[in-house]
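# Coordinates in review
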Amino acid sequence: MTTTPVTIYHNPKCGTSRNTLAMIRNSGIEPLVIEYLKTPPDRATLEALIAATGQPVIAAVRTKEAVFTELGLDAPRTTGAQLIDAMLAHPILINRPIVVTPLGTRLCRPSEQVLDILPAPQQGTFTKEDGEAVVNAEGERLA
């Protein structure tokens, strides 16, 4: 395994997060794994992660979580700051996995988006938990 600095904000109960972590490891990299439900990011880190993805704040929010509507975050005038406040108070609202590599930061949904920012190629076949083949035996992306 290489020591290239890669960090994944991970939820081990999430299939997408598990697949993303497995693809990172399939490239020969052992990442820093941050289980964000146990160790949530602080405001500055969360804001920096979201900014680095280049996506709006709402993309980093799990809008299907019950607490999202319970808190009224689906209101049209909800601000990015209010969404960040909610994610800090309720880390389950943070969409995952977020991966940081020397090549960029990405919310990896679907999980194969991680392939675009990994600094090392895949080292062989990779198939997602649901049976979908993503990488062939030569380490080449299939889709």
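Look up a bit, the structure's there.
Since the model is a prediction, treat every value here as computed from it, not as a measurement. (Residues numbered from 1 in each chain as written. Predicted model: local features only at pLDDT ≥ 70, side-chain atom pairs only at ≥ 80, totals over all residues. Heavy atoms only, no water.)

### Quick look at the pattern of salt bridges
- Using the criterion set out here, one finds ten salt bridges in the structure.
- Between Glu47 and Arg43 there is a salt bridge, and its shortest N-O distance comes to 3.4 Å. Pair noted here: Glu47 and Arg43 are both in helix H2 (residues 43–53), with a separation of four residues, about one helical turn.
- You can call Arg43 partly exposed: its relative accessible area is 33%.
- Across the pair Asp85 and Arg43 runs a salt bridge, and its minimum N-O distance is 2.1 Å. (Salt bridge = Lys/Arg side-chain N within 4 Å of Asp/Glu carboxyl O. Helix = DSSP H or I, 4+ residues; strand = E, 2+ residues; numbered from the N terminus. Buried < 20%, exposed > 50% of the residue type's maximum accessible area, 1.4 Å probe, protein only.)

### Considerations on the pairing of strand S4 (residues 104–107)
- Of the two faces of S4, the one holding Thr105 and Leu107 is buried and the one holding Gly104 and Arg106 is not buried anywhere.
- Where strand S3 (residues 98–101) meets S4, four bridges bridge the pair, whose relative direction is antiparallel. Across the sheet, the residue bridging to Ile98 is Leu107, located in S4.
- Between S3 and S4, which pair antiparallel one after the other, the connecting turn spans two residues. (Pairing = 2+ DSSP bridges.)

### Focus on the pairing of strand S2 (residues 32–35)
- Here four bridges tie strand S1 (residues 7–10) to S2, and the two strands are oriented parallel to one another. Directly across from Tyr9, in S2, lies its bridge partner Ile34.
- In this view, the connection linking S1 to its parallel neighbour S2 by way of helix H1 (residues 15–26) has right-handed handedness. (Right-handed = clockwise from strand over helix to strand, strands pointing away.)

### A short note on the nonpolar core
- Ranked by size, the top nonpolar core spans 19 residues in total, and within it Met87 and Leu93 carry the most contacts.
- Elements with a contribution of two residues or more to this core: H2, helix H3 (66–70) and helix H4 (80–89).
- A total of four residues in this core trace back to one element, the largest contributor, which is H4.
- Beyond its immediate sequence surroundings of up to four residues, Met87 is in contact with Leu46, Ile50, Val57, Ala60, Val61, Leu93 and Ile94. (Core = buried A, V, L, I, M, F, W, Y, C linked by side-chain atoms within 4.5 Å. Contact = heavy atoms within 4.5 Å.)

### Focus on the sheet that holds S3
- On the basis of which strands lie adjacent, the open sheet formed by four strands has the order S2-S1-S3-S4 and mixed pairing. Two strands bound the open sheet, and with one partner strand each, they are S2 and S4. Neighbouring strand axes in the sheet, compared pairwise and without regard to direction, differ in orientation by 15 degrees on average.
- Summarising the sheet, S1 and S3 pair through three bridges and their orientation is antiparallel. Bridge assignment links Tyr9 to a residue of S3, and that residue is Ile98.
- Along the sheet, H1 makes contact with S1, S2 and S3, crossing S1 at roughly 160 degrees.
- Of the strands in this sheet, S1, S3 and S4 are in contact with H2, which crosses S4 at around 95 degrees. (Axes fitted to C-alpha atoms, helices over the stretch in contact; angles between N-to-C directions.)

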